[in-house]
Amino acid sequence: MASHLLFLVLISICSIALASDPSPLQDFCVADPNGPVQVNGFACKDPKLAQATDFFFSGLHLPGNTSNPVGSKVTPVNVAQIPGLNTLGISMARIDFAPWGVNPPHTHPRATEILTVVEGSLEVGFVTSNPDNRLITKLLQKGDVFVFPVNLVHFQRNAGYGNAVAIAALSSQNPGVITISNAVFGSNPAIANDLLAKSFQTDTKTIDWIQSKF
Ligand SMILES: *[C@@H]1O[C@H](CO)[C@@H](O)[C@H](O)[C@H]1NC(C)=O
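Predicted model only: the values in this text are computed from it and were never measured.

Analysis parameters
Residues numbered from 1 in each chain as written. Predicted model: local features only at pLDDT ≥ 70, side-chain atom pairs only at ≥ 80, totals over all residues. Heavy atoms only, no water. Patch = residues over 30% accessible without salt bridge, like charges linked within 9 Å, V, L, I, M, F, W, Y side chains within 5 Å. Areas by Shrake-Rupley, 256 points an atom, 1.4 Å probe, with all protein chains shown as cover. Salt bridge = Lys/Arg side-chain N within 4 Å of Asp/Glu carboxyl O. Helix = DSSP H or I, 4+ residues; strand = E, 2+ residues; numbered from the N terminus. Buried < 20%, exposed > 50% of the residue type's maximum accessible area, 1.4 Å probe, protein only. Phe/Tyr/Trp six-rings, centres within 6.5 Å; stacked < 30°, edge-to-face > 60°. Contact = heavy atoms within 4.5 Å. UniProt positions renumbered as here; feature names shortened; annotations may be inferred. Polar contact = N/O pair within 3.5 Å; in protein donor to acceptor, adjacent residues only side chain to side chain.

## Observations concerning a nonpolar patch on the surface
Here's step 1: Together, Ile-114, Val-145 and Val-147 line one region of the surface with nonpolar side chains, adding up to about 230 Å² of accessible area.
Here's step 2: With respect to the helices, strands and loops of the structure, Ile-114 is situated in strand β4 (residues 113–119).
Here's step 3: For Ile-114, a relative accessible area of 40% puts it in the partly exposed group.

So this is what it looks like as structure tokens:
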């Protein structure tokens, strides 16, 4: 009985460990972007050469430029900006929204996201996987916090006439982003328009028109 219990505990620990970025086996592993070794992340630079600047980023007080078709701008702060985040499984971002600006439906293949509204109000949501595809959505005000579970398609929209700002934390040093519209209609080379026409139950002219936007 006790061994069964131990087995179950081990299984649950294993599945949790396998579902996230690996835990570091040293204090830190400052990314060496020029390192020749290909690992799951970046190679470490010599820890004796680590500096405060390896763990530092400046500029998140600056609004992103939202003058674009969707009216939002993400300023990422991950291992690409802070090499000291390598192997630590955490990162963040600032998201700026023009009035009614949208952060279009997207997923983070490697991270759960927890988002805090610091200015304005946001309509947010995510969709559960097949077959339910249930939309879970909420209107957030300044100070509200919302979670987007790993991998699920989610979005935000500024629900107001002023600018909105959010700060997001993500459970990976390199969360990745797949914007659904870009991936499906803006791939390079393009996915065949008749394939997309059948997938979206429409005609190839409509697909050509959407593809021309991406
Ligand atoms: C914001 O982006 C737009 C479009 O790319 C550009 O025309 C404009 O100069 C930018 N504004 C600032 C303040 O950088």
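## Some words on the packing of aromatic side chains
Here's step 1: Taken as a whole and judged by the stated rule, the model has 6 aromatic pairs.
Here's step 2: The interplanar angle of 75 degrees and the centroid separation of 5.2 Å between the aromatic rings of Phe-28 and Phe-55 together place this pair among those described as edge-to-face. With Phe-28 in the loop between α1 (2–18) and β1 (72–77) and Phe-55 in the loop between α1 and β1, this residue pair connects regions lying 27 residues apart in the sequence.
Here's step 3: When its relative accessible area of 26% is taken as the criterion, Phe-28 is described as partly exposed.
Here's step 4: Taken together, the ring pairs connect Phe-126, Phe-146 and Phe-148 into an aromatic cluster.

## Concerning the environment of Phe-126
Here's step 1: With respect to the helices, strands and loops of the structure, Phe-126 is situated in strand β5 (residues 122–127).
Here's step 2: On a C-alpha basis, the gap between Phe-126 and Pro-149 in space is 8.3 Å, while along the polypeptide they are 23 residues apart.
Here's step 3: Sequence-distant contacts of Phe-126, defined by excluding residues within four places in its chain, comprise Arg-134, Leu-135, Ile-136, Phe-146, Val-147, Phe-148, Pro-149, Leu-152, Val-153 and His-154.

## Focus: the UniProt feature "binding site: oxalate" (unreviewed entry) in the protein chain
Here's step 1: Mapped onto this structure's residue numbering, the UniProt feature "binding site: oxalate" (unreviewed entry) falls at Asn-103, His-108 and Glu-113.
Here's step 2: Leave out the neighbours within four places in its chain, and Asn-103 touches Ser-72, Val-74, Ile-95, Phe-97, Phe-155 and Gln-156.
Here's step 3: Polar contacts involving the side chain of Asn-103 include one to the side chain of Gln-156, which spans 2.8 Å.
Here's step 4: As for its placement among the helices and strands, Glu-113 is situated in strand β4.
Here's step 5: The exposure class of Glu-113 is buried, given its relative accessible area of 3%.
Here's step 6: For Glu-113, the contacting residues outside a window of four places in its chain are Ile-95, His-108, Phe-146, Val-147, Phe-148, His-154, Gln-156, Ala-168, Ala-169 and Leu-170.

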